[in-house]
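# Results of the structural survey
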Amino acid sequence: MRHLLSTTELRRETATALLDTAEALKQALLGRQVRKLPTLRGRTVVTLFYESSTRTRASFEIAGKWMSADVVNLTAGSSSVAKGESLRDTALTLAAMGADCVVIRHPAAGAAHRLASWVPTHVINAGDGAHQHPTQALLDAATLRERLGTLNGRTVTIVGDVLHSRVARSNIELLITLGARIHLVAPPTLLPWGVQNWGGDPDGTQDQAQNRAERSWPVTVSHDLDAALPGSDAVMVLRVQAERMHGGFFPSVREYSISYGLTEARLRLLPAHAVVLHPGPMLRGMEIAHSVADSPRAVIADQVRNGVHVRMAVLYHLLASQEEQA
Ligand code: CP
């Protein structure tokens, strides 16, 4: 694996290897006071964030530091991007300084792919517009595997602003690749056209373009959250992304919350084993009730914790030498 740009190109065996490595790293660090492995000593990781972030940026920094990499953090506001420097010139500058890996978040879909075509460094997509957020999907898969044992045959309901959600796109592809069924619940205005044809490549056999043209994956869609919950093994609540909305997508926050908010009453409709996920940041009281976010059924803190181990695993697979990996 040279880059991690999307979950579209993640085959089942690669995704499983990343999740297994994340689990092994988690076990290796469990109970240790000094969480420091020498694996990436001498390697330089640069995080380059053109959009705000708490979880992704901080956990990449922690992941790199726990593996002894040198980590440099740049944001658009604190770099020469603020003086008008282009993404390409910024990337070439970082590569010339010897960055081994650039972790990029950018508001434009495709920014990470463009970056990967300009520089010889490894590139990790930490979110590009409404397109992809592959490490979020991997940490969600790690959390679901931990709680449900397997993704195979499990039904994951994703509810909310699917239209603007890179988390939804990445999760649909990865979770289907890992054998899950996906059900989407959203107002019609917050569903992208053709969503039923999204999905991964469970057998890892097909050319992606051929895949896109020919397949129809089992993504089902409805607008009735109450009806979807009893058949769900997990429900993933998405944030309503007001910053990407230019127009009225629903009548009011109150109406959205009544129809699509995960309330305590709705939590009772889930089977006893089912869990609640949210990628964060949460809009409490709108898409998820305070009491649901804080309930034992919510695995939101586990998602954040697993995010560090998953990002360690991704850095490890990209940057550690073949000998070290062996
Ligand atoms: N889930 C997620 O990407 O959170 P941040 O925007 O805080 O990184």
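Residues numbered from 1 in each chain as written. Predicted model: local features only at pLDDT ≥ 70, side-chain atom pairs only at ≥ 80, totals over all residues. Heavy atoms only, no water.

### Remarks on the pattern of salt bridges
Here the structure, examined in full by the defined rule, presents eleven salt bridges. Residue Arg 166 pairs with Glu 51 through a salt bridge whose shortest N-O separation is 3.0 Å. Of this pair, Arg 166 sits in helix α6 (residues 166–177) while Glu 51 sits in the loop between β1 (44–49) and α2 (55–66), and the two are 115 residues apart along the sequence. Glu 51 matches Arg 166 in its accessibility class, with the two residues each being buried. Arg 284 is paired through a salt bridge with Asp 294; the nearest N and O atoms lie 2.9 Å apart. Taken together, the residues Arg 284 in the loop between β9 (275–277) and α11 (290–293) and Asp 294 in the loop between α11 and α12 (300–319) connect sequence positions ten residues apart. Of the residues examined, Arg 284 reaches a relative accessible area of 35% and is grouped as partly exposed. Because the salt bridges share partners, they merge into one network encompassing Arg 57, Glu 61 and Lys 65. (Salt bridge = Lys/Arg side-chain N within 4 Å of Asp/Glu carboxyl O. Helix = DSSP H or I, 4+ residues; strand = E, 2+ residues; numbered from the N terminus. Buried < 20%, exposed > 50% of the residue type's maximum accessible area, 1.4 Å probe, protein only.)

### Overview of the site of the ligand
Neighbouring the ligand are the residues Ser 53, Thr 54, Arg 55, Thr 56, Arg 105, His 133, Gln 136, Pro 279 and Gly 280. One of the side-chain nitrogen or oxygen atoms of His 133 is found 2.9 Å away from an oxygen atom of the ligand. Within the contact set of the ligand, a nitrogen atom lies 3.1 Å away from a backbone nitrogen or oxygen of Gly 280. Within the complex, the protein chains bury 91% of what would otherwise be the 250 Å² of accessible surface of the ligand. Of the residues assigned to the shell around the ligand, the class counts are one nonpolar, six polar and two charged. Residues lining the shell around the ligand come from more than one domain, with at least three contributed by each of domain 1 (12–132 + 304–325) and domain 2 (134–303). (Near = heavy atom within 4 Å. Polar contact = N/O pair within 3.5 Å; in protein donor to acceptor, adjacent residues only side chain to side chain. Areas by Shrake-Rupley, 256 points an atom, 1.4 Å probe, with all protein chains shown as cover. Nonpolar A, V, L, I, M, F, W, Y, C, P; charged D, E, K, R; others polar. Domains from an automatic or database assignment.)

### Points about the packing of α2 against α12
Where α2 contacts α12, the axes come no closer than 8 Å and their chain directions differ by 55 degrees. In terms of orientation, α2 and α12 fall into the oblique class. As α2 packs across α12, the resulting crossing turns out to be right-handed. In contact with Arg 55, Thr 56, Ser 59, Phe 60, Ile 62, Ala 63, Gly 64 and Trp 66 of α2, α12 contributes Val 304, Gly 307, Val 308, His 309, Arg 311, Met 312 and Leu 315. By residue class, the composition of the contact of α2 with α12 is eight nonpolar, five polar and two charged. (Axes fitted to C-alpha atoms, helices over the stretch in contact; angles between N-to-C directions. Parallel < 35°, antiparallel > 145°, perpendicular 65-115°, else oblique. Left-handed = near helix turned anticlockwise from the far one by under 90°. Contact = heavy atoms within 4.5 Å.)

### Topic: the domain arrangement of the protein
Examined at the domain level, the protein breaks down into domain 1 (12–132 + 304–325) and domain 2 (134–303). One C-alpha centre belongs to domain 1, the other to domain 2; they are set 25 Å apart. Contacts between the two partners involve 29 residues from domain 1, matched on the other side by 31 residues from domain 2. Across the domain 1 to domain 2 interface the summed buried area is about 2400 Å²; carbon plus sulfur atoms make up 49%. If you sort the residues of domain 1 by the area they bury against domain 2, Arg 12, Leu 19 and Gln 132 come out on top, with a joint share of 29%. For the pair domain 1 and domain 2, the number of links is four salt bridges. (Buried area = accessible area lost by both parts, 1.4 Å probe.)

### Remarks on the environment of Glu 51
Glu 51 sits in the buried class, given a relative accessible area of 18%. Glu 51 sits 30 residues away from Val 81 along the chain, and the two C-alpha atoms are 12 Å apart. Once you skip the residues sitting within four places of it in the chain, Glu 51 turns out to touch Arg 105, His 106, Pro 107, Arg 166 and Arg 244. Side chain to side chain, Glu 51 and Arg 166 meet in a polar contact 3.0 Å long.

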